[in-house]
Amino acid sequence: MSKLVLILNCGSSSLKFSILDPISGDEKLSGLAEAFYLPEARIKWKLHGEKGQADLGAGAAHTEALNFIVENIFTKDPALQNSISAIGHRIVHGGEKLTKSMLITDEVVNEIENAIQFAPLHNPAHLIGIREAFKLFPALKDKNVAVFDTAFHQTMPEEAFLYALPYSLYKEHGVRRYGAHGTSHYYVSREAAKRLGIAEDKVNVITCHLGNGGSVSAIRHGECIDTSMGLTPLEGLVMGTRSGDIDPAIMFYMHKTLGMSVDEIETTLTKKSGLLGLTEVTSDCRYAEDNYDSEVPAKRALDVYCYRLAKYIGSYMAVIGERLDAIVFTGGIGENSAHVREITLNHLKLFGYQIDEERNLAARFGNEGVITKDGSSVAMVIPTNEELVIAQDTAKLCF
């Protein structure tokens, strides 16, 4: 068996894991542990095509999940565990100093800790994953690699990443726009270049990573020149529970007039807004789709979601400033919601986008392809594969 990479993606209340061959892309193991800290904490996995699941126990979290993987899943195939030659960690925020994938050292851990202020829900969980991996796989301690969501956006020019705030906030405290989902934007932009027959360093695309979190990136000549998320993953698009862009003065109003504390405002903007706030029912985009024609809250939410998405795409057409090769949809919503893609592209008819209903419906549930009519400006769906990018970056640094 060739050298394999274990990939760990520790979220605030979940853990995605997989084992990949970085050369062939073959996935040997995949799984998800979720509902951490709750009575129903659980784990499910697929090993060599066979599915399994188990309860982790009330209150279980990352440590218990990782121990379960080693003690219960790996024991089903010891040869697979022995073939793991490196571990790749998805890290949401690298701050100003961690600008590319790198081997994890004490200094790297310290910088990930320093960036917690910019990703308070994600970076602490990533650090748990790193420390547990060191304990569980001591022989691989020097072959743990951090792959940063912010890395791909490091090519943004100053006019794109600076806020119009006192410049000292950037110089002294790193207050700037960093972006997120960079691994996904990188992957689908490269895949789009292949499908369009354009060199990677020549391709111009607008990539839309749409899931519970969402972001858009403008990519010119293969490099990111702008992206919708900012200092934190709160800026930009309407998301599942996050507000995205708002007038900053709304926060003053919530505090001074409504008497809300800073913590209450933060909770409202990050956990009670977005699709959840607009529907007053759920953060699940499928509800808004399924009830679009029958329930006013569902239609309201999806219309706002798609309108804001279309505005970002339109603005990025301007900053790319030359030929646009394609709009690319990816992520859970981007790959599966034909309705979101249709409403969004209908806002962009001025730019020559004509949706092909049959193609759009076909490009779901793992399928890909162009979703616009022949002769139209091109929009397409490409399923993302962040795990493969993490595996490949890890292999480059370790093998």
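Scoring rules and cut-offs
- Residues numbered from 1 in each chain as written.
- Predicted model: local features only at pLDDT ≥ 70, side-chain atom pairs only at ≥ 80, totals over all residues.
- Heavy atoms only, no water.
- UniProt positions renumbered as here; feature names shortened; annotations may be inferred.
- Pairing = 2+ DSSP bridges.
- Helix = DSSP H or I, 4+ residues; strand = E, 2+ residues; numbered from the N terminus.
- Contact = heavy atoms within 4.5 Å.
- Axes fitted to C-alpha atoms, helices over the stretch in contact; angles between N-to-C directions.
- Buried < 20%, exposed > 50% of the residue type's maximum accessible area, 1.4 Å probe, protein only.
- Expected span 1.5 Å × (residues − 1).
- Salt bridge = Lys/Arg side-chain N within 4 Å of Asp/Glu carboxyl O.
- Polar contact = N/O pair within 3.5 Å; in protein donor to acceptor, adjacent residues only side chain to side chain.
- Phe/Tyr/Trp six-rings, centres within 6.5 Å; stacked < 30°, edge-to-face > 60°.
- Lys NZ or Arg CZ within 6 Å of the ring centre and 35° of its normal.

The protein chain appears in an unreviewed UniProt entry as Acetate kinase from Rodentibacter myodis. You can read under Catalytic activity (unreviewed entry) in the UniProt record for the protein chain the words "acetate + ATP = acetyl phosphate + ADP". In UniProt, the protein chain has this text filed under Sequence similarities (unreviewed entry): "Belongs to the acetokinase family."

(A) Structural view of the sheet that holds strand β10 (residues 214-220). An order of β11-β10-β9-β12-β14-β13 is seen for the 6 strands of this open sheet, with the pairing classed as mixed. A single partner strand is all that each edge strand has here, and the edge strands are β11 (223-227) and β13 (369-370). Across 4 bridges, β10 lies against β11 in antiparallel orientation. Residue pairing in the sheet places Ala218 in a bridge with Asp226 of β11. Contacts between helix α7 (residues 182-196) and the sheet are confined to β9 (205-210), β10, β12 (326-330) and β14 (379-381), with β9 contributing the most and set at about 130° to the helix.

(B) Representation of the pairing of strand β5 (residues 50-55) in the model. As paired elements, strand β4 (residues 42-47) and β5 share 6 bridges and run antiparallel to each other. The residue of β5 that forms the bridge with Arg42 is Asp55. Hairpin connection from β4 to β5: 2 residues lie between these consecutive antiparallel strands, with His48 at a positive phi of about 50°.

(C) Molecular detail of the pairing of strand β6 (residues 84-91). Here β6 lies mainly inside the structure; 8 of its 8 residues are buried. Pairing of strand β1 (residues 4-10) with β6, which is carried by 5 bridges, proceeds in the parallel orientation. The residue of β6 that forms the bridge with Leu4 is Ile84. By the bridge criterion, 5 bridges tie β6 to strand β8 (residues 144-148) in an arrangement that is parallel. Bridging across to β8, Arg90 finds its partner in Val147.

(D) Spotlight on helix α16 (residues 386-398). Relative to the 18 Å expected for 13 residues at 1.5 Å per residue, α16 spans 18 Å between its end C-alpha atoms, a close match to the ideal helical length. Within α16, the full set of buried residues consists of Glu386, Leu388, Val389, Ile390, Ala391, Asp393, Thr394, Ala395 and Cys398.

(E) Here's a closer look at the sheet that holds β4. Sheet architecture is open: 8 strands sit in the order β5-β4-β3-β2-β1-β6-β8-β7, paired in mixed fashion. Two strands bound the open sheet, and with one partner strand each, they are β5 and β7 (102-103). For β1 and strand β2 (residues 15-20), the ladder comprises 6 bridges, and the chain directions are antiparallel. Residue pairing for β2: Asn9 is matched across the bridge by Lys16. Its contacts with the sheet place helix α4 (residues 123-136) against β1, β6 and β8, and it is angled at close to 165° to β6.

(F) Main features of the pattern of salt bridges. Going through the model one piece at a time under the given rule, you end up with 19 salt bridges. The closest approach of N and O atoms between Glu387 and Lys16, which form a salt bridge, is 3.4 Å. Of this pair, Glu387 sits in helix α16 while Lys16 sits in strand β2, placing them 371 residues apart in sequence. Classification of Lys16 as partly exposed rests on a relative accessible area of 38%. The closest approach of N and O atoms between Glu191 and Lys194, which form a salt bridge, is 3.0 Å. With Glu191 and Lys194 both in helix α7, this residue pair falls 3 residues apart, about one helical turn. Given a relative accessible area of 11%, Glu191 falls into the buried group. Connected via shared salt-bridge partners are Glu191, Lys194, Arg195 and Glu368.

(G) Structural view of the side chain of Arg90. The topology assignment puts Arg90 in strand β6. Given a relative accessible area of 15%, Arg90 falls into the buried group. Engagement of the side chain of Arg90 in a polar contact is seen with the side chain of Asp149, the distance being 2.6 Å. Other than its neighbours up to four places away in sequence, Arg90 contacts Leu8, Asn9, His126, Val147, Asp149, His181 and Ile390.

(H) Representation of the packing of aromatic side chains. As enumerated under the stated definition, the model contains 7 aromatic pairs in all. Centroid distance Phe152 to Tyr186: 5.8 Å. Interplanar angle 75°. Geometry classified as edge-to-face. Of this pair, Phe152 sits in the loop between β8 and α5 (158-161) while Tyr186 is found in helix α7, placing the two residues 34 residues apart along the sequence. The exposure class assigned to Tyr186 is partly exposed, which follows from its relative accessible area of 29%. Judged by centre distance (5.7 Å) and plane angle (55°), the ring pair of Tyr167 and Tyr170 falls under tilted. Of this pair, Tyr167 and Tyr170 both sit in helix α6 (residues 167-173), 3 residues apart, which is roughly one turn of the helix. According to the relative accessible area criterion, Tyr167 is partly exposed, its value standing at 41%. Accessibility expressed as a relative area gives 17% for Tyr170, which makes it buried. Ring-pair connections join several aromatic residues into one group, and the members of that group are Phe161, Tyr167 and Tyr170. The aromatic ring of Phe161 is capped on one face by Arg176, whose charged end is 3.9 Å from the ring centroid.

(I) Representation of the UniProt feature "site: Transition state stabilizer" (unreviewed entry) in the protein chain. Following the UniProt record, one finds the feature "site: Transition state stabilizer" (unreviewed entry) at His181 and Arg242. Using a relative accessible area of 10% as the deciding quantity, one classes His181 as buried. Not counting residues up to four positions away in its chain, the partners in contact with His181 are Arg90, Asp149, His153, His209, Gly213, Gly214, Ser215 and Met229. Here Arg242 shows up in the loop between β11 and α8 (249-256). Since its relative accessible area comes to 17%, Arg242 is described here as buried. Apart from the residues within four sequence positions on either side, Arg242 is in contact with Gly213, Met229, Pro233, Leu234, Leu237, Leu269, Thr270, Ser273 and Gly274.

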